[in-house]
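Listed below, chain by chain, are the residues.
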Amino acid sequence: MLKYLPLSILLLSMALILPACSSDNNIEPACDSVLVILGLDRKDGDLADFVDQVSTPDSPSYGQYLTMEEIAEQFGTSPEVVQTVSEFLEEWGMFETELGPTGGTLTCKACVETAKMLFCYKPDAETQSLCIPPQLQGRVQEVLVISSTSSTTIDNLSVESRQVSQDTGERSTGTPEGCKAGVDTGGFTPNQWLTAYGIDKLHEKGMTGKGIRVAILNSTPWHAEALKTYTECFSIPDPNSHIVQFPFVKPFSYIESEMDIEIIITAAPDLDRVTTFSGVSNVGPTLVYVHMAVLDANLMGDTLPHVVSSSGGVCENSLTKDELSLLEHLFMSGCAAGITYVEDSADLGFQGDCGGTGANYPTSSHYVTGVGGTSMTLTPSNEIENQTVWNDGIDGISGGGPSSIFPRPDWQGTPLFDPFSGYGRLTPDVAFFASEAHPGYAIYGPTFGPFDTNLIWTTGGGTSASAPLLAGIVALLNQQLIAEGNPALGCINPLLYKIASDPEQYNKLFWDITDGTNGGDTVRTGKATEFYDLATGLGSLKADAIAEYLKAHPPGS
């Protein structure tokens, strides 16, 4: 008998190295198994149209989001397709079959030999050329396989290196506050960057993230003792924080996990819940699986997040057509449910992740807001004195550039973008402070290195810091909007570019970065310029100003 399992239970049943398994009802003999993800025939075209309607501020349908159950019913596959594919899987002895939360995927376990026979799976191949069985043609669109050999290990995990030092020897501008150990790092302390971007003024008005839920995608779990030390140093409330561990990456200490959650809970200290999905890798099939899990409400206390913050990404050209197709389906589904996706633009400069041939993904997705990096100096009162493109050379450069896969969206199609004629989707969308050593953010966590549990005060940064900062700001804006009876922001790109297209509002709500470059000496190769550029996007949001704007002009009203 076919057995459907919720994703949360299936997740817990998996191990880092998928073990030998057997079916309880003896249909399937003991075998070495793999996890198979099937993308079903579904209504992605209609889903894309729906997301456009609920995300465009001038649309009468703006903000009329659906529950995940409604999304599955309206845009997922038909019950007949589910039944046909499920029966086929059962006939071939596949087990633990589960319909994904969007209604557009089926996940199951299969013996390796079965996967080889049906899906052209090659256990020892570095890249897979998977196939769809003839019996499933027209019902299945994509096939992905996750196995022990596709699990990411320390040796091949793609993570961004970080400068770590207990004292950079370089004093931050502005006026720091906090415990002596935190201040002595030399990095910007919370009071400094909260003031710089106007977040402190939102806190003073009671906008602290109440009722809002954030999910963080990261490679490793954070240390509870590190989080406690950080919050005590800077007088931040203990967060309602949780970890969901995935089996694809063996956990190891890495300071970025601490940095991500520390920045988010500093910007939004009273979040209803913050959940770190740990064990995320840049391998395509696991990215798909993790983003499926984000849409499973069981993993976040029976409710979906308002904001998903992720760092790392991968060159868009390194993902297969099936991987991109399923990821786009998941991002669209999240946007249809009112989720905001925030992703860093990476730290390798202009088209750096792609060696000059494309953009970082998922930053290049229309449904994700990409965040670049800046450097800044502060006045004694911690206001921004100067802000430029983050470019520390080999220590890190703000990522950005045009997509070679995704076309230019309408909201990047105004005459203001004529300098980038002929380019596809432009990245990033916005940017915040990222310079990790000049002076960096003051953080507390493990020194960089596999399995290192030595916790220290240090500095961190990169676009992996600027992305969670934006996630925190979005959480505060959502609190204000929802409290006043308005919908959450959801996919915010159309709104950001609509606001920015008004020169008067742009100058009030954005800090325009016009100095520096993340690549060449022209605007088409990453040089900063007025308004939009491929190093810092539209620039930095002034959190207090944009909150006032949204209060007076709630989108969709």
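Structural notes, computed from the coordinates. (Residues numbered from 1 in each chain as written. Predicted model: local features only at pLDDT ≥ 70, side-chain atom pairs only at ≥ 80, totals over all residues. Heavy atoms only, no water.)

Remarks on the overall build of the protein chain
Argument step 1. Secondary structure assignment for the protein chain yields 16 helices and 22 strands.
Argument step 2. Out of the 557 residues in the protein chain, the part that is buried amounts to 62%.
Argument step 3. The long-range share in the protein chain, meaning contacts at least 24 apart out of those at least 6 apart in sequence, stands at 77%.
Argument step 4. Working note: accessible area of the protein chain is about 19800 Å², and carbon and sulfur atoms make up 51% of it. (Helix = DSSP H or I, 4+ residues; strand = E, 2+ residues; numbered from the N terminus. Buried < 20%, exposed > 50% of the residue type's maximum accessible area, 1.4 Å probe, protein only. Contact = heavy atoms within 4.5 Å. Areas by Shrake-Rupley, 256 points an atom, 1.4 Å probe, with all protein chains shown as cover.)

A word on the pairing of strand E15 (residues 384-389)
Argument step 1. Where strand E14 (residues 369-378) lies against E15, five bridges are found, and the strand directions are antiparallel. Residue pairing in the sheet places Thr374 in a bridge with Val389 of E15.
Argument step 2. Hairpin connection, E14 to E15: the antiparallel pair is bridged by five residues, and Asn382 has positive phi, about 70 degrees. (Pairing = 2+ DSSP bridges.)

Thoughts on the pattern of salt bridges
Oppositely charged side chains can pair when the atoms bearing their charge come close.
Argument step 1. Inspection of every chain in the model, using the stated rule, returns 13 salt bridges.
Argument step 2. The partner of Lys205 in a salt bridge is Glu548, with the nearest N and O atoms 2.6 Å apart. Highlighted residues: Lys205 in the loop between helix H8 (199-204) and strand E6 (213-218) and Glu548 in helix H16 (residues 543-552), separated in sequence by 343 residues.
Argument step 3. When its relative accessible area of 53% is taken as the criterion, Lys205 is described as exposed.
Argument step 4. Residue Glu548 is classed as partly exposed on the basis of its relative accessible area of 39%. (Salt bridge = Lys/Arg side-chain N within 4 Å of Asp/Glu carboxyl O.)

Regarding the nonpolar core
Argument step 1. Residues Trp193, Phe277 and Phe510 are the most contacted members of the largest nonpolar core, which totals 129 residues.
Argument step 2. The leading source of residues in this core is helix H13 (residues 463-483), at eleven residues.
Argument step 3. Dropping the residues within four chain positions of it, Trp193 is found in contact with Phe188, Ile199, Ile263, Thr266, Ala267, Met376, Tyr441 and Leu469. (Core = buried A, V, L, I, M, F, W, Y, C linked by side-chain atoms within 4.5 Å.)

Observations concerning helix H11 (residues 284-294)
Argument step 1. In terms of burial, H11 is largely enclosed, as eleven of its eleven residues are buried.
Argument step 2. Within the span of H11, buried status applies to Gly284, Pro285, Thr286, Leu287, Val288, Tyr289, Val290, His291, Met292, Ala293 and Val294.

Some words on the state of the cysteines
Argument step 1. According to the stated counting rule, one finds four disulfides in the structure shown.
Argument step 2. Note that Cys31 is cross-linked by a disulfide to Cys111, the S-S spacing being 2.2 Å. Judged by the torsion about the S-S bond (-80 degrees), the Cys31/Cys111 disulfide is left-handed. Linking Cys31 in strand E2 (residues 31-40) with Cys111 in strand E4 (residues 105-111), this pair joins segments that are 80 residues apart in sequence. (Disulfide = S-S within 2.5 Å.)

Thoughts on the packing of helix H2 (residues 44-55) against helix H12 (residues 321-336)
Argument step 1. Viewed as axis vectors pointing N to C, H2 and H12 meet at an angle of 40 degrees, and their least axial separation amounts to 9 Å. By the angle class used here, H2 and H12 are oblique. Seen from above, H2 lies across H12 with left-handed handedness. For the pair H2 and H12, contact is made by Asp44, Leu47, Ala48, Phe50, Val51 and Val54 and by His329, Met332, Ser333, Cys335 and Ala336, respectively. (Axes fitted to C-alpha atoms, helices over the stretch in contact; angles between N-to-C directions. Parallel < 35°, antiparallel > 145°, perpendicular 65-115°, else oblique. Left-handed = near helix turned anticlockwise from the far one by under 90°.)

Description of the packing of helix H10 (residues 255-267) against H13
Argument step 1. The N-to-C vectors of H10 and H13 enclose an angle of 30 degrees; their axes lie 8 Å apart at closest approach. In terms of orientation, H10 and H13 fall into the roughly parallel class. Seen from above, H10 lies across H13 with right-handed handedness. Touching Glu256, Met259, Asp260, Ile263, Ile264 and Ala267 of H10 are Ser464, Ala465, Pro468, Leu469, Ala471, Gly472 and Leu476, all from H13.

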